[in-house]
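Observations on the three-dimensional arrangement
Now for the letters of each chain:
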Amino acid sequence: MEIRKIVLLYQIQRLPNLEVGMKIDIRDPNNVWRVGIIKRQKFQKDNQRTKFVTVHYEGKSDKNDEELPDSSPRLAQFEFYTGRKDIPKYSNSKNPFLKQLLVVEQMNEQQQFFLSDESSLSD
C-alpha cells in the first residue's frame, strides 16, 4: 500500500509539458523550494529527447538563473511545494541579516531557522 502512495505522489508532482513563461517550483542550491519561471528551452545537441530548461528564480537577478534537464527532481509543478506551509521558505524581509532567514509556518505558530550555508542566492 505504501508503494502505491509513493507512486501516486510522484505522478501528482510530475511536471506537465514545460513552456516558456510557465511558473514552476524549483529547489535552490540550499534545498529550499522557490517559485521559478521557465525562461528558455533547448534540446541537447546529440540527443533530441533530452530537453533542458533555463529557470529564473522569481524575485532574483538573472545571474542566478539555472539550466536543468526537464526531468530534474529539483523541478515540480507550481505550488506543489511552495504552496505548502510546513516547509522552509525564505523571509521576505529587506533587512540584510534576515534575508538568510528561513521560516516554517505550522498551523498558527512560526518556527524560524537560520541557514548555515553561505552559498545562498544573492539578489
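Scroll up to find the structure this text is about.
Here goes a summary of the coordinates provided.

The rules behind the values
Residues numbered from 1 in each chain as written. Predicted model: local features only at pLDDT ≥ 70, side-chain atom pairs only at ≥ 80, totals over all residues. Heavy atoms only, no water. Core = buried A, V, L, I, M, F, W, Y, C linked by side-chain atoms within 4.5 Å. Buried < 20%, exposed > 50% of the residue type's maximum accessible area, 1.4 Å probe, protein only. Helix = DSSP H or I, 4+ residues; strand = E, 2+ residues; numbered from the N terminus. Pairing = 2+ DSSP bridges. Salt bridge = Lys/Arg side-chain N within 4 Å of Asp/Glu carboxyl O.

Counting nine residues, the largest nonpolar core is built from Leu18, Ile24, Ile26, Ile38, Val53, Val55, Tyr57, Leu68 and Leu75. Secondary structure elements with two or more residues in this core: strand E1 (23–27) and strand E3 (47–57). Per element, the largest residue contribution to this core is three residues, and it comes from E3.

Turning next to the pairing of E1. With five bridges connecting them, E1 and strand E2 (residues 33–44) associate as antiparallel partners. In the strand pairing of E2, Ile24 is matched with Gly36. Strand direction decides the pairing type here: E1 and strand E5 (residues 75–77), joined by three bridges, are antiparallel. Among the inter-strand pairings, Ile24 is bridged to a residue of E5, identified as Gln77.

Most peptide bonds take the trans form, and the phi angle of most residues other than glycine is negative. We note that Asn31 has phi near 65 degrees; this positive angle belongs to a residue other than glycine. Turning to its location among the elements, Asn31 is positioned in the loop between E1 and E2. Classification of Asn31 by relative accessible area gives exposed; the value is 54%. Positioned with a positive phi, Glu79 is a non-glycine residue whose angle comes to about 70 degrees. Looking at where Glu79 falls in the secondary structure, it is placed in the loop between E5 and strand E6 (89–90). On the accessibility criterion, Glu79 (48% relative accessible area) is partly exposed.

Right, let's get into the pattern of salt bridges. On inspection of all chains with the given rule, the structure shows six salt bridges. Close ionic contact of Glu58 with Lys23 constitutes a salt bridge, the shortest N to O distance being 3.1 Å. Placement of the pair is Glu58 in the loop between E3 and strand E4 (66–69) and Lys23 in strand E1, with a sequence separation of 35 residues. Judged by relative accessible area, Lys23 falls into the partly exposed class, the value being 37%. Bridged by salt links that share partners, the residues Lys39, Asp62 and Asp65 form one connected network.

To continue, consider the environment of Asn64. Residue position: Asn64 is located in the loop between E3 and E4. Among the residues examined, Asn64 registers a relative accessible area of 10% and is labelled buried. Along the chain, Asn64 and Asp28 lie 36 residues apart, while their C-alpha atoms are 9.8 Å from each other.

None of this, on its own, says anything about what the molecule does.
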